[in-house]
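Below are the chains, spelled out letter by letter.
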Amino acid sequence: MAHLAWAAALTAALPLAGTAQTSTIAPRAATKLPAPLVYLRDVDATIAQDIKYATTDNFTGARVDGYEAGECILTRQAAEALKDVQADLRREKLSLKVFDCYRPKRAVRAFLRWTRRPMDEGALTKRFHPRIARDSLVSLGYIAAVSGHSRADTVDLTLVSIASPPVVGTSTYTGCAAAPDRPEPDTSIDMGTGFDCLDAKSYTGSRAVTPEQRNWRNILRRAMQARGFRNYPREWWHFSYRATTGAAYDFPIAHRAGQALDR
Ligand SMILES: [Zn+2]
């Protein structure tokens with residue numbers, strides 16, 4: 001029964017091309033984006049999306065300014081390259097899951113304001129930055145004052161297995177610097193930390209995680225590298241597509257037109 005529930009959940013998360021997007025409203029032209037940008041879902045609907053900053057499930061504990069919809073927007077080049085990565089991984093019974101893509105400049109400013117606000121240390125601190133004070137996160141390189149995400153050529157992502165049920169984690173999050181034997185309540189492959197664990201344990205080559213966890217990080221890094229993405233060595237999940245000099249954008253992320261409202 002648990003397995004069936006898992007399979008149903010995964011089917012929902014990873015729709016097969018051509019069968020996805022059954023919408024109750026008629027398709028319309030896509031929401032207008034600046035010319036080089038596309039909705040990832042329009043390029044590859046099989047890549048799972050869990051855009052954390054459009055929810056309260058992130059290190060600020062609130063939906064972030066500029067995230068009016070949980071949609072991944074990237075430059076067309078980056079989106080096409082990600083589609084190629086996804087095709088490569090499918091052969092290994094793996095899929096990508098994106099956590100963040102284009103990030104409006106106003107969201108970057110909101111993060112900086114958050115680092116300067118008085119501390120309200122608690123569960124979120126324990127979960128996301130247990131060993132680093134909030135006002136040191138910028139200087140230590142965990143929160144960017146200017147982010148490649150605003151150029152829409154940078155993506156945060158992980159791997160999920162489409163071959164076997166995921167490791168079932170604890171029902172609550174443990175501190176992200178804790179011993180790596182309690183995976184988070186997430187269907188992703190266990191990388192030793194969750195997304196946005198702002199800690200040295202998230203360094204891609206960290207020796208504070210198990211060899212198996214480090215191996216999964218390397219599988220992700222190699223797959224992304226093969227299609228032109230470069231990893232940020234302090235975050236196993238953060239990749240930029242080639243070196244670009246593209247502009248940074250600040251429009252809010254909106255729903256795609258033609259999209260059912262309950263998505
Ligand atoms: Zn990132």
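Bear in mind the structure is a predicted one, so any value in this text is a computation, not a measurement.

A. Local environment of helix 3 (residues 76-90). The terminal C-alpha atoms of helix 3, which comprises 15 residues, lie 21 Å apart, in line with the 21 Å expected from a rise of 1.5 Å per residue. What helix 3 keeps buried is the set Ala 78, Ala 79, Ala 81, Leu 82, Val 85, Gln 86 and Leu 89. Within helix 3, the buried residues cover an arc of 160° as seen down the axis, which keeps them to one side.

B. Broad picture of helix 6 (residues 211-225). Helix length check: helix 6 (15 residues) gives 20 Å between terminal C-alpha atoms against 21 Å at 1.5 Å per residue, within 8%. If you check which residues of helix 6 are buried, you get Gln 213, Trp 216, Arg 217, Leu 220, Ala 223 and Met 224. Within helix 6, the buried residues cover an arc of 130° as seen down the axis, which keeps them to one side. Turned more than 90 degrees off the buried face of helix 6, the exposed positions are Pro 211, Glu 212, Asn 215 and Arg 222.

C. Here's a closer look at the sheet that holds strand 7 (residues 238-241). The strand order across the open sheet built from 5 strands is 2-4-5-7-6, with neighbouring strands paired in mixed fashion. Each having just a single partner strand, strand 2 (48-49) and strand 6 (229-231) make up the two edges of the open sheet. Two elements, strand 2 and strand 4 (residues 94-100), share 2 bridges in a ladder whose sense is parallel. Bridge pairing in strand 4 links Ala 48 to Lys 97. The strands that helix 6 touches are strand 5 (154-161), strand 6 and strand 7; relative to strand 6, the one it contacts most, it runs at about 150°.

What counts, and at which threshold
What you see as residue numbers is a count from 1 along each chain, following the sequence as written. Reporting of local features is limited, given that this is a predicted model, to residues whose pLDDT is at least 70; pairs of side-chain atoms are given and counted only at 80 or more, and all residues count toward the totals for whole chains, interfaces and linings. Secondary structure elements are defined from DSSP: runs of H or I of at least 4 residues count as helices, runs of E of at least 2 residues count as strands, and each element is numbered from the N terminus. To estimate how far a helix should reach, multiply one less than its number of residues by 1.5 Å. Buried residues are those with 20 or more other C-beta atoms within 10 Å of their own C-beta, exposed residues have 12 or fewer, and partly exposed residues lie in between; C-beta atoms are placed from the backbone. Within this analysis, the arc is defined by the directions that extend from the helix axis to the C-beta atoms. Strands are labelled as partners when DSSP assigns at least two bridges between them. By definition, residues are in contact whenever their C-beta atoms, placed on the basis of the backbone, come within 7 Å of each other. Here an angle of 0 to 180 degrees is reported between the N-to-C directions of two axes, which are lines fitted to C-alpha atoms, with helices fitted over the stretch in contact.

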